[in-house]
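# Coordinate analysis (summary)
Here's the letter readout for the chains.
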Amino acid sequence: MSSSIQMCDLKGQYLKIKKEIDLSIQEVIDSSAFIKGKEVNLFQDELAKYLGVKHVIGCANGTDALQIALMALGLKPGDEVITPDFTFIATVEVIALLGMVPVLVDVDPDTFTIDPIAFEKAITSKTKAIIPVHLFGQCANMEEIVAISQKHNIYIIEDVAQATGTDYIFKNGNTAKAGSIGDIGTTSFFPSKNLGCFGDGGALFTNNDALADEIKSISNHGMKVRYYHDKIGVNSRLDTIQAAVLRVKLNYLNDFNSSRIKAADIYDRLLGNCKSIKIPSRATWSNHIFHQYTLRLLKGNRVELIKHLSDKGIPSMVYYPVPLHAQKAFEEYQNKATNKFFPVTDTLCDTVISLPMHTELTEEIQRFICDTILNYLK
Ligand SMILES: *Cc1c(COP(=O)(O)O)cnc(C)c1O
C-alpha cells in the first residue's frame, strides 16, 4: 500500500471522471479553437455563477492574475502593498516586479492567515492595497480586513489560489465565496489546487464592471479594440483545452472539497489527542476546504519525522520552510518593512508539516499515515 501514497493524487481523480474529461478535450481538438474557444466564455460564466460574482476573467496562471489585478487597480511604482509574511512567493513577487513595495506583516497563529492588527499597524500614507491570502483552504478574517481597508481607503485583492470554493461566514451568519468580497479575487488552476486544470491556468473575479473591462484589456495586450493599444498590457489567456477540463471539474468541485473535509476530519480524529502536535485550527469566520492539511509539531524533530515517514513510503511537505522576509530575493525590502519582527511566521516555518491531502484518500491510508506519525512521536 505504502508505495501508492501521494501528496496529491491527480491520476486517481482523473480516472473517476475520465470519460467526461476526454470528451470535453476532444471537442476542443475537433473544433481547433485552441485560443478563445467557446469553452472559455462558458467556463467563465459558470464559475461566476458558482462564486456569486459578476465577472470572471480567465488568464494564464495565478501569478499573472495577481499581477493583472495590481495593474488594473492603477497602482504605481513606489506604492506600498501589504501581504502576509507566510505565503507562497507569487503573492509578493508581482508587487516587487511592478516596482511597488511589498510590506510584509505577521499572521494569526491559529489560522496562519494575515493578522488584521498587524495589517493596520503597517499602513502608511503610501499604502494602496492589501493582498490577504486564503491560506491552505480557509479565508483570512475578511470582515476585519474590509473594515480597516475602508477606513484607510485601501484596495483589497484576495489571493484565492488555495481556496476556490471556500465559504466566508459573516458575523450575521451570511456567507460569500472566497474572492467575492474584496475589489478583485485572483485564483490559480495549477493542477494540484482544489480546482485544477491539466497545465497552467488562472482567473480574476470582480463585481465591478469598470475593473472587469480593465482586466480584460490589460490581459489582452492593453487593447479594447483590436490593434489599438490604450495601455501597456500583457498576454495572459486561459487556453480553451484548460477551460474544457475546468468546466467538467467545476461540476465536481463541491464533491471534491467535501472529500477533503472528510479526510481532514479523519486526520483530526486520529491525531487530535496527541500532545506533540497541533492539528489545524478552523476559523469561526470561514469553512476550511483543506487545500493542505498542515500540522504544527510542538515536540520532536521535524527532519526526523519527515525521514521516518519517508522510510515508510509516506510523502510530506513543508509549506513553507522560509518566511518571505528571510528570502534572499527580498533582502532589499527588509529595511522598508514597517514591521520587522515576525515571531508567528518564524515559528510556523520551523514547525509546520503538511500531510497527504487529496480527493482520493482512504481511511485505511490515513490510519497507516497517522499510526506511523504516532509511532515516531510516542
Ligand atoms: C499557487 C499559488 C499562486 C500562484 O499560482 P500559479 O498558477 O502557480 O502562478 C499564488 N498564490 C498562492 C497562495 C498560491 O498557492
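Below you will find a few notes about this structure. (Residues numbered from 1 in each chain as written. Predicted model: local features only at pLDDT ≥ 70, side-chain atom pairs only at ≥ 80, totals over all residues. Heavy atoms only, no water.)

## A closer look at unusual backbone geometry
Cis geometry is found at the peptide bond from Tyr-319 to Tyr-320, where omega equals 5 degrees. Mapped onto the elements, Tyr-320 comes out in the loop between helix H10 (302–311) and helix H11 (343–351). (Helix = DSSP H or I, 4+ residues; strand = E, 2+ residues; numbered from the N terminus.)

## Some remarks on the side chain of Ser-236
Looking at the secondary structure, you find Ser-236 in the loop between strand E11 (228–229) and helix H9 (240–271). Judged by relative accessible area, Ser-236 falls into the buried class, the value being 1%. Within polar-contact distance, the side chain of Ser-236 engages the side chain of Asp-64 at 2.7 Å. If we ignore the near neighbours within four places in the chain, the residues touching Ser-236 are Gly-58, Cys-59, Ala-60, Asp-64, Ile-68 and Ser-219. (Buried < 20%, exposed > 50% of the residue type's maximum accessible area, 1.4 Å probe, protein only. Polar contact = N/O pair within 3.5 Å; in protein donor to acceptor, adjacent residues only side chain to side chain. Contact = heavy atoms within 4.5 Å.)

## Considering the sheet that holds strand E13 (residues 293–297)
A sheet is described by the order of its strands in space; here three strands give the open sequence E12-E13-E14, paired in antiparallel fashion. The sheet is open, and its two edges are formed by strand E12 (277–278) and strand E14 (352–355), each paired on a single side. Along the sheet, H9 makes contact with E12, E13 and E14, crossing E13 at roughly 20 degrees. Contacts from H11 reach E13 and E14, with the element oriented near 100 degrees to E13. (Pairing = 2+ DSSP bridges. Axes fitted to C-alpha atoms, helices over the stretch in contact; angles between N-to-C directions.)

## Observations regarding the pattern of salt bridges
A complete count under the given rule lists 16 salt bridges for this structure. For Arg-282, the salt bridge is made with Asp-265, and the minimal N-O distance between the two is 2.9 Å. A residue pair is termed long-range when its members are at least 10 positions apart, and Arg-282 in the loop between E12 and E13 and Asp-265 in helix H9 qualify at 17 residues. Residue Asp-265 is classed as partly exposed on the basis of its relative accessible area of 37%. Three or more residues joined by partner-sharing salt bridges are found here, namely Glu-214, Lys-224 and Lys-231. (Salt bridge = Lys/Arg side-chain N within 4 Å of Asp/Glu carboxyl O.)

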